[in-house]
Amino acid sequence: MSGTVTVKNVTLGEGIPKICVPLVGTTLSGLREEAEALKALAPDVVEWRSDYFNQVEDLGAVTEALREIGQLLPEVPLIFTFRSAREGGEKEISTEYYIRLNEAAIASGLVDIVDVELFNEEADVRRLIAAAHEQAVFVIVSNHDFQGTPPLEEIVTRLRRAQELGGDLPKIAVMPQKAGDVLTLLAATNLMQEQYADRPIITMSMAGEGVISRLAGEIFGSALTFGAAHKPSAPGQVAVTELRRVLELLHRSL
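Residues numbered from 1 in each chain as written. Predicted model: local features only at pLDDT ≥ 70, side-chain atom pairs only at ≥ 80, totals over all residues. Heavy atoms only, no water.

As recorded in an unreviewed UniProt entry, the protein goes by 3-dehydroquinate dehydratase and comes from Paenibacillus tritici. For the record of the protein, the UniProt heading Function (unreviewed entry) holds the text "Involved in the third step of the chorismate pathway, which leads to the biosynthesis of aromatic amino acids. Catalyzes the cis-dehydration of 3-dehydroquinate (DHQ) and introduces the first double bond of the aromatic ring to yield 3-dehydroshikimate." UniProt, in the comment section headed Sequence similarities (unreviewed entry), describes the protein in these words: "Belongs to the type-I 3-dehydroquinase family." (UniProt positions renumbered as here; feature names shortened; annotations may be inferred.)

See the structure below:
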């Protein structure tokens, strides 16, 4: 049985899966508009997908953007994410800059959670986790497979590896090629949650076929689900208001 992680006033790993909404603006003014609009949607968590930001290779501009987001959404836990192109992100940067970027976000004191991709060099993953924990920042250790859905055993292996490395929130997202792939992801989530996890996990099957996995986390064991405000950051994200309605319906039925 997995444990919980509390960030600000949000506890992941108990009750209804929490809703995270991505910010995907390409400019500072666009990010401001998005963050302002999110107030009405009241997400549990916000993720800044910095790979969309056209000044992401300017650390000063990144810090300024973090400050602006924090001023507009001061009570909402903030995830800082640079998603690499190889895992479905908007652009690729060097390994050296990836480390510098995440270390700068951690050191800023303006983020609550940082996303570190599992398939970086182990030493780099451990370095970023250690840096985050020194600053009381939680870490998602993530893997995104846009090519397909690995076998159940491989999904569990990746989640366990993320946990072993020290990730506070192991995460995997996979792409279904058929309906059975969604069942594989859900079964792997349930197995991980029941037998191996000692912390909350985050899993999803992407695209239209995988939408059920974004809704059924409370049943199978995924603690966080991603909803779209305007532009989704991954295939299959459901609009926040509809997502909340379904999550609450399922919760009342349990």
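Asks: What am I meant to see in the UniProt feature "binding site: 3-dehydroquinate" (unreviewed entry) in the protein here?
Replies: UniProt records the feature "binding site: 3-dehydroquinate" (unreviewed entry) at Glu47, Trp48, Arg49, Arg83, Arg214, Ser233 and Gln237, using the numbering of this structure. Mapped onto the fold, tryptophan 48 is located in strand 4 (residues 45-49). Setting aside anything within four residues of it in sequence, one finds tryptophan 48 in contact with Leu23, Leu31, Phe53, Val62, Ala65, Leu66, Ile69, Leu78, Ile79, Phe80 and Thr81. If you trace the backbone, arginine 49 turns up in strand 4. Among the polar contacts made by the side chain of arginine 49, one reaches the side chain of aspartate 51 at a distance of 2.8 Å. (Helix = DSSP H or I, 4+ residues; strand = E, 2+ residues; numbered from the N terminus. Contact = heavy atoms within 4.5 Å. Polar contact = N/O pair within 3.5 Å; in protein donor to acceptor, adjacent residues only side chain to side chain.)

Asks: Just checking my understanding: could you explain helix 1 (residues 28-41) for this structure?
Replies: End to end, helix 1 covers 20 Å across 14 residues, agreeing with the expected 20 Å (1.5 Å per residue, within 8%). Listed as buried for helix 1 are Leu28, Gly30, Leu31, Glu34, Ala35 and Leu38. Along helix 1, the residues classed as buried sweep out an arc of 150° about the axis, all on the same side. Looking at helix 1, the residues exposed on the side facing more than 90 degrees away from the buried face are Glu33 and Ala40. Among the structural elements, strand 3 (18-23), strand 4 and helix 2 (59-72) are those in contact with the buried residues of helix 1. (Expected span 1.5 Å × (residues − 1). Buried < 20%, exposed > 50% of the residue type's maximum accessible area, 1.4 Å probe, protein only. Arc of directions from axis to C-beta.)

Asks: What should I look at first to understand the packing of aromatic side chains in this one?
Replies: Any pair of aromatic rings gets described here by the distance separating the centres and the angle formed by the planes. Inspection of every chain in the model, using the stated rule, returns three aromatic pairs. Both rings, one in tryptophan 48 and one in phenylalanine 53, keep their centres 5.4 Å apart while their planes meet at 65°; by these two values the pair is edge-to-face. Geometrically, the ring pair formed by phenylalanine 82 and tyrosine 98 is edge-to-face, given 6.4 Å between the ring centres and 75° between the ring planes. With phenylalanine 82 in the loop between strand 5 (78-81) and helix 3 (95-108) and tyrosine 98 in helix 3, the pair connects residues that are 16 residues apart, well separated along the chain. Each member of the pair, phenylalanine 82 together with tyrosine 98, is buried. Each member of the aromatic cluster is reached from another via a ring pair, and the members are Trp48, Phe53 and Phe80. Just above the ring of tyrosine 196 sits the side chain of arginine 160; from NZ or CZ to the centre is 3.9 Å. (Phe/Tyr/Trp six-rings, centres within 6.5 Å; stacked < 30°, edge-to-face > 60°. Lys NZ or Arg CZ within 6 Å of the ring centre and 35° of its normal.)

Asks: Help me understand the sheet that holds strand 4 in this model?
Replies: Paired through backbone hydrogen bonds, the strands of a sheet run either parallel or antiparallel to each other. With respect to topology, nine strands assemble into an open sheet ordered 9-8-7-6-5-4-3-10-11, the strand pairing being parallel. Each having just a single partner strand, strand 9 (202-205) and strand 11 (238-239) make up the two edges of the open sheet. Sheet topology note: the strand 10 (residues 224-228)/strand 11 ladder contains two bridges and is parallel. If you follow glycine 227 over to strand 11, its bridge partner there is valine 238. (Pairing = 2+ DSSP bridges.)

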